[in-house]
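# Topology and contacts: notes
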Amino acid sequence: MAGNIHISEHPLIQHKLTILRDAATEHKKFRELIREISMLLAYEAMTDLELAQTTVQTPLEKAPGFELQAEIGLVPILRAGLGMVDGIHEMIPGAQVWHLGIYRDEETLRPVSYYNKLPVEPTVQVCLVLDPMLATGGSATAAIQVLKEWGVRRIKYVGLIAAPEGINVVVNDHPDIPLHLAAVDDHLNDNGFIVPGLGDAGDRQFGTA
Ligand code: PRP
């Protein structure tokens, strides 16, 4: 894949993703897996975060150390991105969480924005856009555009499963944005669902199927 597309080959991610796909996996287990896979993907996505040098007083003496330099924003796309937040937030407790409400019109498959409470001035320098499913790419492209217009310096997309069609759309519209994914599937079906995919990630998390 192109340089900005990162497909994890981590055995834990691939193992957990397989259970996530299983139609027999019930809601509670599904939510646990979304949380765990998201933490692992975010860990991989953040290997190049900038650090500032600092010192720390150990019980013995001062030691050199590091601290994260950038303010980090976690940006889940409602609804399905919600389940990706908590695990990553535990790893970065100082992160800000900014929700974006975007749903996909069932007829046109075009993204419809319905919730955005971003303040006028950006309050973060690095954002992770969180959404398990990248299908046509419309929702991801729209979310990234919102964050660029907000003034975020670095944006990374973290998703679980993507369709090749959607990746092409995002890469075409935002070639500067890295995509961190657990898998690229075969294709989109006529309803815009990723095949083989895992079904509807929102419905399977929240029991609304
Ligand atoms: C799903 C998914 C993505 C979007 C992907 O959300 O969670 O946000 O569709 O499709 P796209 O790449 O074609 O834009 P959905 O629209 O079902 O909303 P929901 O999570 O609120 O159910």
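This section reports on the structure supplied with the text. (Residues numbered from 1 in each chain as written. Predicted model: local features only at pLDDT ≥ 70, side-chain atom pairs only at ≥ 80, totals over all residues. Heavy atoms only, no water.)

### Quick word on the side chain of Gln205
Looking at the secondary structure, you find Gln205 in helix 6 (residues 201-206). Taking relative accessible area as the criterion, Gln205 reaches 1% and is therefore assigned buried. Among the polar contacts made by the side chain of Gln205, one reaches the main-chain carbonyl oxygen of Ala80 at a distance of 2.9 Å. In contact with Gln205, other than residues within four places in its own chain, are His27, Phe30, Arg31, Ile34, Ala80, Gly83 and Pro132. (Helix = DSSP H or I, 4+ residues; strand = E, 2+ residues; numbered from the N terminus. Buried < 20%, exposed > 50% of the residue type's maximum accessible area, 1.4 Å probe, protein only. Polar contact = N/O pair within 3.5 Å; in protein donor to acceptor, adjacent residues only side chain to side chain. Contact = heavy atoms within 4.5 Å.)

### Here's the deal with the sheet that holds strand 9 (residues 133-134)
Sheet architecture is open: three strands sit in the order 9-11-13, paired in parallel fashion. Two strands lie at the open edges of the sheet, namely strand 9 and strand 13 (183-184), each paired on one side alone. Looking at chain direction, strand 11 (residues 161-162) and strand 13 are connected through two bridges and run parallel. Across the sheet, the residue bridging to Ile161 is Ala183, located in strand 13. (Pairing = 2+ DSSP bridges.)

### Structural notes on the pairing of strand 4 (residues 72-78)
With seven of seven residues buried, strand 4 is to be regarded as a mostly interior element. Neither face of strand 4 is open: one carries Ile72, Leu74, Pro76 and Leu78, the other Gly73, Val75 and Ile77, and all of them are buried. Judged from the five bridges that link them, strand 4 and strand 8 (residues 126-130) form a sheet pairing that is parallel. Opposite Val75, over in strand 8, you have Val129 as the bridge partner. Between strand 4 and its parallel partner strand 5 (residues 96-97), the chain crosses via helix 3 (residues 85-91), and the hand of that crossover is right-handed. As defined by bridge partners, strand 4 adjoins strand 6 (residues 100-104) across two bridges and the pair is classed as parallel. Bridge assignment links Leu78 to a residue of strand 6, and that residue is Gly101. (Right-handed = clockwise from strand over helix to strand, strands pointing away.)

### Some thoughts on the site of the ligand
In the vicinity of the ligand, 13 residues are found, and the nearest of them are Asp131, Ala135, Thr136, Gly137 and Ser139. A distance of 2.9 Å is found between an oxygen atom of the ligand and a backbone nitrogen or oxygen belonging to Arg104. Between Ala135 and the ligand, the recorded distance is 2.8 Å, taken from a backbone N or O atom to an oxygen atom. When isolated, the ligand has an accessible area of 500 Å², and the protein chains bury 89% of it. Counting atoms within 2 Å of the grid points, the majority share of the ligand lands in the largest pocket. Elements with a contribution of two residues or more to the shell around the ligand: strand 6, strand 9 and helix 4 (138-150). For the shell around the ligand, the per-class residue count stands at six nonpolar, four polar and three charged. (Near = heavy atom within 4 Å. Areas by Shrake-Rupley, 256 points an atom, 1.4 Å probe, with all protein chains shown as cover. 1 Å grid on protein atoms, 1.4 Å probe; cavity = no way out; pocket = protein on both sides within 12 Å on 5 of 7 lines; lining within 4 Å. Sits in = over half its atoms within 2 Å of the grid points. Nonpolar A, V, L, I, M, F, W, Y, C, P; charged D, E, K, R; others polar.)

### A few points about the pattern of salt bridges
Scanning all chains against the criterion turns up nine salt bridges. When the shortest N-O distance is used, the salt bridge between Asp48 and Lys156 registers 2.9 Å. Taken together, the residues span a long stretch of sequence, with Asp48 in the loop between helix 2 (27-45) and strand 2 (51-57) and Lys156 in strand 10 (residues 154-158) at a distance of 108 residues. Of the charged contacts in the structure, one is a salt bridge between Lys148 and Asp176, with a shortest N-O distance of 2.9 Å. In this pair, Lys148 is assigned in helix 4 and Asp176 in the loop between helix 5 (164-173) and strand 12 (179-181), connecting sequence segments 28 residues apart. Take Asp176: its relative accessible area is 47%, and that puts it in the partly exposed class. Because the salt bridges share partners, they merge into one network encompassing Lys28, Lys29 and Glu32. (Salt bridge = Lys/Arg side-chain N within 4 Å of Asp/Glu carboxyl O.)

### Points about the packing of helix 1 (residues 11-21) against helix 2
Contact geometry of helix 1 with helix 2 gives a least axis separation of 10 Å together with a crossing angle of 150 degrees. By the criterion of interaxial angle, the relationship of helix 1 to helix 2 is roughly antiparallel. By crossing handedness, the relation of helix 1 to helix 2 is classed as left-handed. The segment helix 1 lies against helix 2, with Leu12, Ile13, Lys16, Leu17, Ile19 and Leu20 engaging Phe30, Leu33, Ile34, Glu36, Ile37, Leu40, Leu41 and Glu44. Classifying every residue of the contact of helix 1 with helix 2 gives eleven nonpolar, no polar and three charged. (Axes fitted to C-alpha atoms, helices over the stretch in contact; angles between N-to-C directions. Parallel < 35°, antiparallel > 145°, perpendicular 65-115°, else oblique. Left-handed = near helix turned anticlockwise from the far one by under 90°.)

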